[in-house]
Amino acid sequence: MTQKNQDTLVLDLQYFPCIAYFVQWLKYPKVCIDIHENYEKQSYRNRCYIMLANKVACLSVPVVKGNRKQLYKDLQIDYDQKWLVQHWRSISSAYGKAPFYEYFADDFHNILHKRPRYLVDLNLELLTKCLKLLKMPESFDLSNNYINLNHTEGFREGRSAIHPKKGFQPDGQYGTFNYAQVFGKQFVPNLSVLDLLFCEGPNAGFILQKTLEMQPDTAPE
């Protein structure tokens, strides 16, 4: 059985995090989310992947001046683009017929349509809701400044360890424990936690635990 590492895991803050994100979370007794890091483009910080009828689709939240180097906590969402309508239409199309869509959809719809100014506020509220639905501990720390692991003991690096450029099976991760997905003849691992929650509902936590048991006994550096 995989044992918890005694260090604190430092994570980035993702948009509708992927399953591997929560599996990493389960490996550690404490998690600290670094909101003072520089924003990284084309990462899970502002995007997620869901399964539509014919393909895996990327949902990306546009940000204001996202090409400039700036702190994640200062990043503003660009509502001039009609991403919110498109995201919810895609989520509804992907999971409207999933067994547990009607149980969770309103919660996520309401969070998204609060239209928070900052990406950090949107992602923190989504994360807190996901942790609650997964029946995982909802307590975590937020960084007061950038966490430089070269000068800090007792922390393990998790920022960008899980990244879209590494595909759906990132370094140090095996495939997700299979569950029944709405579309596709072949199981797609490590989609957004939305896929797991809408398909498995209260059984989602069990799937995470089984996925954790598939991981290496040693936590990644």
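Residues numbered from 1 in each chain as written. Predicted model: local features only at pLDDT ≥ 70, side-chain atom pairs only at ≥ 80, totals over all residues. Heavy atoms only, no water.

*Asks:* Quick question: what am I supposed to make of the pattern of salt bridges here?
*Replies:* Where charged atoms from two side chains of opposite charge come close, those side chains can pair. What the rule picks out here adds up to 10 salt bridges. Among the ionic pairs, Asp34 bridges to Arg159, the shortest N-O distance being 2.6 Å. In this pair, Asp34 is assigned in the loop between β2 (30-33) and β3 (47-51) and Arg159 in the loop between β6 (155-157) and α5 (193-200), connecting sequence segments 125 residues apart. As far as burial versus exposure is concerned, Asp34 and Arg159 are alike and both buried. Salt bridges linked by common partners bring Asp12, Glu37, Glu40 and Arg45 together as one network. (Salt bridge = Lys/Arg side-chain N within 4 Å of Asp/Glu carboxyl O. Helix = DSSP H or I, 4+ residues; strand = E, 2+ residues; numbered from the N terminus. Buried < 20%, exposed > 50% of the residue type's maximum accessible area, 1.4 Å probe, protein only.)

*Asks:* Sorry, what's going on with the pairing of β3 here?
*Replies:* Moving residue by residue along a regular strand, the side chains alternate between the two faces of the sheet. Burial of β3 is extensive: five of the five residues sit out of reach of the surface. Of the strand pairs in this sheet, β3 and strand β4 (residues 56-60) are connected by five bridges, and their pairing is antiparallel. Across the sheet, Ile50 pairs through a bridge with Ala57, a residue of β4. Counted between consecutive antiparallel strands, the loop separating β3 from β4 contains four residues. (Pairing = 2+ DSSP bridges.)

Read these as spatial facts, not as claims about activity.
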